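# Fold and contact review
Residue strings, one per chain:
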Amino acid sequence: MRSGRPAQSERFTPRTRPVVPPIHHSVTYFLDDVAYKDVQAGGLDEVWYGRFRNPTVDVAADEVRRAEDAEAAFMTSSGMGAIATTLMTLLRQGDRVVAARQVYGDTRVLLVRDLPAWGFDVEQVDAADLEAWKHAIASGPTRVVYVETLANPQLELADLPAIAVVAHDAGALLVVDNTFATPYSVQPLTHGADLVVHSATKFLNGHSDAIAGVVAGNADLVREVQRRVITLGTCLDPHAAYLVWRGMQTFELRMARSNETARALADVLSRRDDVVGVRHPSLPDYERAEVAVRVLRRDGAELRTGAMVSFTVSGGDDRALRVMRSLEVACEATSLGGVETLVSTPFNSSHFSLTPAERRAARIDDGMIRVSCGVEPSDVLIADFSRALDQEP
Ligand SMILES: Cc1ncc(COP(=O)(O)O)c(C=O)c1O
């Protein structure tokens, strides 16, 4: 046992400013008048206890704030932590949510099982059907409208500017999950969203080695979310925050590379006779091309069409499994957004709980494979997919 106070605090002087932010593992900080004042004001501004604020978590949040061009951002324990904390911040007893039907599996569980059990009314609509949004939002006082920028795994792009107008006309707030598209391709706040949520576990971290979430947007709303993180305890661990900060240092580079690879892969796959469909915003037959032109960011004339590709092989789910298991570079694994290419088949992973008929209705075809492109050389990756498809006719 040590006797006396830890000495290392005195070593932090202006002379030793690190280039890379240190990981502040300390959960508690010496109190002074400024800290006491903050304690008494609710604890939102100063660092004195880790569940309220942490300097490493703050620097990670600031990276995402800049990427999303947001007034403010606050990190949470996970993507689900960001979504649940945001909804618990905005909703009051009896409030109504209108959400897209095409959302991540656990978000769906939160929307259709948990929120109704807690007394909230939830209606789901087809994300691509603007008339359905209008109808659902108009059919009762709506507090929150919830949508993912790019639907998983169909990769349908939401018409954010149009949905924002419908939401705001009805006095509702628009919350957008931007995990799949990332701020590299779409900045939802510039299209009218009030808050953006992320699974920072994915492309923001980029290395499949941290679970984290973030909420960004209007400063007053983010401050309310911050208040709820304190009481719900959905704060981020500082080590995970550091890994997100580090991932963000290469965010643009990684995204540029994997966007390019996704475009090349989608093009090659779309030319094959044994591939019956490819979903990627770069392709000439992309169904939401008109929305893509308005919503996606661009480099010169080129749209930033994202790092996710979904394609459907002839031969159904059996062949999809065989093809996926013949891949030698891409990894058969859940999640997305890592430097390694991650591949999964929705029928037995993200969307296994749907019946085949429900999957087809949701445009998840038999034989669909979802690809999150990493940063491997694109020719190596394309050769891997071509070989696996040839090998498993
Ligand atoms: C679109 C989307 N949102 C939210 C989440 C939840 O993120 P996390 O696993 O960090 O809680 C995921 C996870 O896959 C996701 O794909």
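For the structure, check the block above.
From a predicted model like this one, the values you see are computed outputs, not experimental measurements. (Residues numbered from 1 in each chain as written. Predicted model: local features only at pLDDT ≥ 70, side-chain atom pairs only at ≥ 80, totals over all residues. Heavy atoms only, no water.)

## Observations regarding the overall build of the protein
Along the backbone of the protein there are 14 helices and 14 strands. The C-alpha atoms of the protein give 22 Å as radius of gyration, which agrees with the globular expectation for 393 residues (21 Å, within 12%). Seen through its C-alpha atoms, the protein measures out along the principal axes to roughly 70 × 50 × 45 Å. Put simply, the protein has 393 residues, and 54% of those count as buried. When contacts within the protein are restricted to residue pairs at least 6 apart in sequence, long-range pairs at least 24 apart make up 74% of them. (Helix = DSSP H or I, 4+ residues; strand = E, 2+ residues; numbered from the N terminus. Rg over C-alpha atoms; globule rule 2.2 N^0.38 Å. Buried < 20%, exposed > 50% of the residue type's maximum accessible area, 1.4 Å probe, protein only. Contact = heavy atoms within 4.5 Å.)

## Notes on the packing of helix 10 (residues 251–270) against helix 14 (residues 378–391)
Running from amino to carboxyl end, helix 10 crosses helix 14 at an angle of 30 degrees, the nearest separation of the two axes being 10 Å. One finds that helix 10 runs roughly parallel with respect to helix 14. By crossing handedness, the relation of helix 10 to helix 14 is classed as right-handed. Together, Thr 261, Ala 264, Leu 265, Val 268 and Leu 269 of helix 10 and Ser 378, Leu 381, Ile 382, Phe 385, Ser 386 and Leu 389 of helix 14 make up the contact between the two elements. Residue classes in the contact of helix 10 with helix 14 are distributed as eight nonpolar, three polar and no charged. (Axes fitted to C-alpha atoms, helices over the stretch in contact; angles between N-to-C directions. Parallel < 35°, antiparallel > 145°, perpendicular 65-115°, else oblique. Left-handed = near helix turned anticlockwise from the far one by under 90°. Nonpolar A, V, L, I, M, F, W, Y, C, P; charged D, E, K, R; others polar.)

## Comments concerning helix 2 (residues 55–67)
Under the 1.5 Å per step criterion, the end-to-end length of helix 2 is 19 Å for 13 residues, consistent within 8% with the ideal 18 Å. Buried residues belonging to helix 2 abut strand 1 (72–76), helix 7 (182–185), strand 7 (213–217) and helix 9 (238–249). For helix 2, the capping residue at the N-terminal end is Asn 54, with a side-chain oxygen 2.8 Å from the backbone nitrogen of Thr 56. Downstream of helix 2 by a residue or two, Asp 69 has a phi angle that is positive, lying close to 55 degrees. (Expected span 1.5 Å × (residues − 1). Polar contact = N/O pair within 3.5 Å; in protein donor to acceptor, adjacent residues only side chain to side chain.)

## Some words on the sheet that holds strand 8 (residues 275–279)
In space, the five strands of this open sheet follow the order 8-11-14-13-12, with mixed pairing throughout. Bordering the open sheet on either side are strand 8 and strand 12 (331–332), each of which pairs with just one other strand. Direction of pairing for strand 11 (residues 308–313) relative to strand 14 (residues 368–372): antiparallel, over a ladder of five bridges. Of the residues in strand 14, the one forming a bridge with Phe 311 is Ile 369. Packing against the sheet, helix 14 makes contact with strand 8, strand 11, strand 13 (342–344) and strand 14, and its axis sits at approximately 15 degrees to strand 11. (Pairing = 2+ DSSP bridges.)

## Here we look at helix 8 (residues 219–232)
With 14 residues, helix 8 should reach 20 Å at 1.5 Å per residue; the first-to-last C-alpha distance of 20 Å fits that figure. Taken together, the buried positions of helix 8 are occupied by Leu 221, Val 222, Val 225, Gln 226, Val 229 and Ile 230. In this structure, the buried residues of helix 8 make contact with strand 1, helix 3 (79–90), strand 5 (173–177), strand 6 (195–199) and strand 7. By the N-cap criterion, in which a side-chain oxygen at the helix start approaches the backbone nitrogen of a residue two or three places on, helix 8 is capped by Asn 218, the distance to Asp 220 being 2.9 Å. Remark: Gly 233 follows helix 8 within two positions and exhibits a positive phi of approximately 75 degrees.

## A few points about the sheet that holds strand 2 (residues 96–100)
Spatial strand order, 1-7-6-5-4-2-3: seven strands in an open sheet with mixed pairing. The strands lining the two open edges of the sheet, one partner per strand, are strand 1 and strand 3 (121–125). On average, each strand axis in the sheet is tilted by 20 degrees relative to the strand beside it, whichever way the strands run. Note that strand 4 (residues 144–148) and strand 5 share five bridges and pair parallel. Looking at the pairing, Glu 148 lines up with Asp 177 of strand 5. Across the face of the sheet, helix 5 (residues 130–138) comes into contact with strand 2, strand 3 and strand 4 while running at roughly 170 degrees to strand 2. Packed on one face of the sheet, helix 6 (residues 160–169) meets strand 4 and strand 5 and runs near 150 degrees to strand 5.

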